[in-house]
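# Commentary on secondary and tertiary structure
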Amino acid sequence: MSEDLLQDLNAAQREAVLHGEGPLLVLAGAGSGKTRVIVHRIARLVRDEGVIPWQILAVTFTNKAAGEMRERLERLLGPTARELWVQTFHAFGARFLRREAARAGLPPAFAIYDTDDQLRLVKRLLAEMGLDDGSSLTAREALSRIDAWKNEARRPGEVEVSPYDAEGQVARQLYERYQAALLRAGAADFGDLLVLPTRLLEEDPALRARWSGRFRHVLVDEFQDTNPAQYRLMKALVGARRNVCVVGDDDQAIYRWRGADVSNILGFDGDFPGTRVVKLEQNYRSTRTILDAAHAVISRARRRREKRLWTERDAGAPLALLVGEDEHAEAERIARAIAVERGRGTPGDEIAVLYRTNAQSRPLEAALRAARIPYVIVRGTSFYDRAEVRDAAAYLRLALNPRSDLDLERVVNRPSRKIGERTVERLRAHAVAKGIPLFEAIADREAVADLKPAARAALGEFHEIVAGLAADVPTLDAGIAVQEALRRSGLLARLEEEHSDEAVERAENLAELVAAAREFDEALAGEPPPTDPDEARPPPLARFLEQIALLGEADGETPEGRVALMTLHAAKGLEFEAVFLAGMEDGTLPHERPWSDQTPAERDEAQDEERRLCYVGMTRAKARLTLSLARRRMSFGEGGPSYRQAEPSRFLADLPPELFGDAVAREVRAREARAAQPPAARPPLVRRHPGALEGEPHIELDAEDAIAPGSPGRSGRPARGEPSRGEPTIDYDFDQRPDRAGPFQRGERVRHASLGEGIVLSCDGAGADAKATVRFDSGDKRIVARFLSRAE
Ligand code: ATP
Ligand code: MG
């Protein structure tokens, strides 16, 4: 074993890295080096055990995480690392299906349909079924049912729906038609990338033997978020050798809503008897302050296995809290704080702003632009979601697979060729009657009834373009292929004729697409020829399109020096020097879902998941963690946009005030003492937030002081909020009541600062809201429990 691979590992990590054959589970909290264990283990297998790189499969959750893992491996192993199979489950599924397409009834160049494609297809099928009036279920609802079934790797025939569930019955019928339509189009959706390989492997022992024999080692990062389909896929690939290493953290399970199942991790040793379990407890990422904050939040989850991380690092900077009047003011404060952060030398790409929902990015973007801070939204799909880019991609997908009706419908009249909806309907009728794809119906246009000569001519022109592309571009380099598609389709020329600002921007986006394709080609050219005898690399265009299709929510590059903006979900596994957690409000984080149709147990589960999300967000920070919130936030209800008052997140109330620095802690203690005065003398600073559940802790705010009127940028004088070394950053006085006094038993002797000693008569409520009735010498008093301490 070469020394350097083991050098930067602690004993437990080393045990996991050196573990020989057989199942291995690393269950550990955030920042404890789980991903590092995977990387070093792979490096060791290749370098010291002589395992051939392409016999190792490592899966992780996002392309970004996979990219980082590949980079780390390349640094350790050099170019040979490129032959490792390191990718997301979906990318693996696509790669698998390219090789096994025929078994799945797909052409090797099958198209991958994303959510937008899926929705269009579902809408069309609902229309065909005469159900597009919205009376039963919407396309979105139908699709979410289908996706849920796919998460469980169920085929249409295997779906169980109660006979009383009318919508479910419709969804099931639709699912059947939907799969048939995909097959006809030679396309797979995202779910299929998991379901098809899983089922093929499960049902064909020879195939399973071949694939599981091929991978001598399978490693899975972020294992807590695997759904049943992914889990079964993994199991099928592991095979009898059982060389499987999974790492995860049940506290970071945040994809339950997508069908992920934590029991996969908690019950792992049940499925793989004899699993060696390694726990890691030292955190190397964050300061003690950040860890304490994260622990304060996660330890209140209702159902969890207790585990506590420790660090050798010191307390570091206190937490900071920024408060804005509304989401714009909040965003401005964040932008200013980022400017300060950059001013002290932190590179932009070591700074992240995390939020719960995508919609929160808009004001943040505006504020960062205004402050001239370069940023990037880590979502990836935004560029490829633009209409003109999708049009171009549709032409390219047609070139590889003219059967893809959805792509054909998208571009048959783009740019405009005067092919109207009527014409398309007649084509469709013809195609359905003959059981052929639209492209063939167009070839057969002379036989299509009721077409005007002009429409026939226009269709002929379109057919020639697509047939020409199909004949010429599939084997070209991606860059050239994209250029050809843009030229021959007329997409670019039409925009260039237009001269409007919008057209110029669209043309620029298309140029950007060409650039992206060229970069892709260059990267491919740098790849050494594969040593894997089975590796039949598809031509560059197909791979480029696949890469575009697989860009999920959590993807995209973080170009150097740019501040990253992303959702909490997308931030999984990543780390940054400074993290801003925006929108710390009840309703935003925890995010409010329509809880009306949830059972209490489901609601608790949903709230726990929000807590875990908050934990994931906090533990991304290495050195500085800033929390921010808005006092009111625009919301989009049924009556259009309106402002709603936002109450600080209940998670804030879980944080010990000390973490915000000594000054804040002193202030909070002073307030507590004031609040302990008899009620009449108490300043009216308590505002109970209406969304809070009984027994939930809450924050008490001194509202007047909350919006710092002298914030910089308005008055020019430095606000209290400006961070300086070691000093707390805080925008206003606030009062946090962590749950320190536990509930008391009847009969216990307690002490109160001004009332002296007494005996508890009763105690109710929980956490910060617990109250006790106490018999003091001066009489019976009802007292907030946290102002009481146990008398010796
Ligand atoms: P998460 O749960 O957030 O995915 P993780 O458990 O995967 O976290 P890593 O990302 O592997 O944790 O490690 C966190 C940080 O700590 C990284 O910067 C890593 O390089 C560093 N680290 C891990 N182990 C050690 C070690 N033994 N010595 C020094 N640094 C380490
Ligand atoms: Mg990790």
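Residues numbered from 1 in each chain as written. Chains lettered and ligands numbered in written order. Predicted model: local features only at pLDDT ≥ 70, side-chain atom pairs only at ≥ 80, totals over all residues. Heavy atoms only, no water.

Let's shift gears to the overall build of the protein chain. Helices and strands together make up the secondary structure of the protein chain, namely 29 helices and 24 strands. The buried share of the protein chain, reckoned over its 792 residues, is 55%. Taking contacts inside the protein chain between residues at least 6 apart in sequence as the whole, the part at least 24 apart equals 73%. Here the protein chain displays about 34000 Å² of accessible surface, and carbon together with sulfur accounts for 49% of that area. (Helix = DSSP H or I, 4+ residues; strand = E, 2+ residues; numbered from the N terminus. Buried < 20%, exposed > 50% of the residue type's maximum accessible area, 1.4 Å probe, protein only. Contact = heavy atoms within 4.5 Å. Areas by Shrake-Rupley, 256 points an atom, 1.4 Å probe, with all protein chains shown as cover.)

With that settled, the discussion passes to the sheet that holds strand E6 (residues 217-220). Two modes of strand pairing occur in sheets, parallel and antiparallel, and in both the strands are linked by backbone hydrogen bonds. If you walk across this open sheet you meet the six strands as E3-E2-E6-E7-E1-E8, and the pairing is parallel. Single-partner strands in this sheet number two, and they are strand E3 (85-88) and strand E8 (276-280). Within this sheet the neighbouring strands show an average axis-to-axis angle of 15 degrees, counted without direction. Two elements, strand E1 (residues 24-28) and E8, share five bridges in a ladder whose sense is parallel. Paired with Leu 24 across the bridge in E8 is Arg 276. Of the strands in this sheet, strand E2 (56-60) and E3 are in contact with helix H4 (residues 63-77), which crosses E3 at around 160 degrees. (Pairing = 2+ DSSP bridges. Axes fitted to C-alpha atoms, helices over the stretch in contact; angles between N-to-C directions.)

A full pass over the atoms with the stated rule returns 64 salt bridges. Between Lys 150 and Asp 189 there is a salt bridge whose closest N-O contact spans 2.8 Å. Of this pair, Lys 150 sits in helix H7 (residues 139-151) while Asp 189 sits in strand E5 (residues 187-189), placing them 39 residues apart in sequence. For Lys 150, a relative accessible area of 2% corresponds to the buried category. Given the relative accessible area of 0%, Asp 189 is considered buried. Across the salt bridge formed by Arg 414 and Asp 391, the nearest N and O atoms sit 2.9 Å from each other. (Salt bridge = Lys/Arg side-chain N within 4 Å of Asp/Glu carboxyl O.)

Now for helix H16 (residues 361-370). A turn of α-helix holds 3.6 residues, and therefore any two residues three or four places apart point the same way. All of the buried residues along H16 are Ser 361, Pro 363, Leu 364, Glu 365, Ala 367 and Leu 368. In this structure, the buried side of H16 is in contact with helix H15 (327-343), strand E10 (351-355), strand E11 (375-377) and strand E12 (563-567). In the segment just after H16, Arg 372 is the residue with positive phi, at about 55 degrees.

Once that is clear, we can look at the packing of aromatic side chains. This model, assessed by the stated rule, comprises 15 aromatic pairs. For the ring pair Trp 211 and Phe 215, a centre distance of 6.0 Å and an interplane angle of 40 degrees mean the geometry is tilted. Three or more aromatic residues link up through ring pairs in this structure, and these residues are Trp 85, Phe 92, Phe 96, Trp 211 and Phe 215. In this structure, Arg 95 is placed above the aromatic ring of Trp 85, and the distance from its NZ or CZ to the ring centre is 3.6 Å. It is Lys 572 that lies over the ring of Phe 61; its NZ or CZ is 3.9 Å from the centre. (Phe/Tyr/Trp six-rings, centres within 6.5 Å; stacked < 30°, edge-to-face > 60°. Lys NZ or Arg CZ within 6 Å of the ring centre and 35° of its normal.)

On to the sheet that holds strand E20 (residues 749-752). Here we have five strands laid out as an open sheet, ordered E23-E22-E21-E20-E24, and antiparallel in their pairing. Among the strands making up the open sheet, the edge pair consists of strand E23 (779-784) and strand E24 (788-790). Adjacent strand axes in the sheet meet at a mean angle of 45 degrees when their direction is disregarded. In this sheet, strand E22 (residues 771-776) lies alongside strand E21 (residues 756-764) in antiparallel orientation, the contact comprising six bridges. Across the sheet, Ile 759 pairs through a bridge with Arg 775, a residue of E22.

Another aspect to go through is the site of ligand 1. In the vicinity of ligand 1 lie 19 residues, with Lys 34, Thr 35, Gln 252, Glu 575 and Arg 620 positioned nearest. One of the side-chain nitrogen or oxygen atoms of Lys 34 is found 2.6 Å away from an oxygen atom of ligand 1. Taking Arg 285, its side chain carries an N or O atom lying 2.8 Å from an oxygen atom of ligand 1. When ligand 1 is considered free in solution it has 630 Å² of accessible area, and contact with the protein chains removes 86% of it. Among the domains, domain 1 (3-101 + 194-282) and domain 3 (320-378 + 558-661) are the pair contributing at least three residues each to the shell around ligand 1. (Near = heavy atom within 4 Å. Polar contact = N/O pair within 3.5 Å; in protein donor to acceptor, adjacent residues only side chain to side chain. Domains from an automatic or database assignment.)

Our focus in this paragraph is the confidence of the model for the protein chain. Taken residue by residue, the protein chain gives an average pLDDT of 84. The fraction at 70 or more is 87%. Per-element confidence in the protein chain ranges from a low mean pLDDT of 30 for helix H29 (residues 703-706) to a high of 98 for strand E13 (residues 576-581). Counting interchain partners and residues more than four positions distant, the pLDDT-below-50 stretch residues 680-742 has 152 contacts. (pLDDT = per-residue confidence, 0-100.)

Counting buried positions along strand E7 (residues 244-248) yields five of five residues, so the element is predominantly enclosed. Burial along E7 is two-sided: Val 244, Val 246 and Gly 248 facing one way and Cys 245 and Val 247 facing the other are all buried. As judged from the four bridges shared by E1 and E7, these two strands associate in the parallel manner. Bridge pairing in E7 places Leu 24 opposite Cys 245. In this structure, E6 lies alongside E7, joined through three bridges in parallel fashion. Considered in E7, the bridge of Leu 219 is made with Cys 245. The parallel pair E6 and E7, bridged by helix H11 (residues 228-238), forms a crossover whose chirality is right-handed. (Right-handed = clockwise from strand over helix to strand, strands pointing away.)

Attention now moves to the nonpolar core. In terms of nonpolar packing, the biggest core is built from 52 residues, with Tyr 395, Leu 408, Phe 462, Val 482, Leu 513 and Phe 544 touching the most fellow members. At nine residues, helix H25 (residues 501-525) tops the list of elements feeding residues into this core. Those residues within four positions of Tyr 395 in sequence are excluded, and the remaining contacts are Val 411, Arg 414, Pro 415, Arg 417, Phe 462, Ile 465, Leu 469, Ala 485, Ser 489 and Leu 491. Listed in part, the 47 residues of the second largest apolar core include Ala 293, Ala 352, Val 376 and Met 618. (Core = buried A, V, L, I, M, F, W, Y, C linked by side-chain atoms within 4.5 Å.)

Attention now goes to unusual backbone geometry. Cis geometry is adopted by the peptide bond preceding Pro 415, which originates at Arg 414 and carries an omega value of -5 degrees. Within the fold, Pro 415 resides in the loop between helix H19 (405-411) and helix H20 (421-434). Look at the link from Leu 589 to Pro 590: it is a cis peptide, with omega at 5 degrees. Phi at Arg 372 takes a positive value of approximately 55 degrees, unusual for a residue other than glycine. By relative accessible area, which is 74% here, Arg 372 ends up exposed. For Lys 418, which is not a glycine, the phi torsion comes out positive at approximately 60 degrees.

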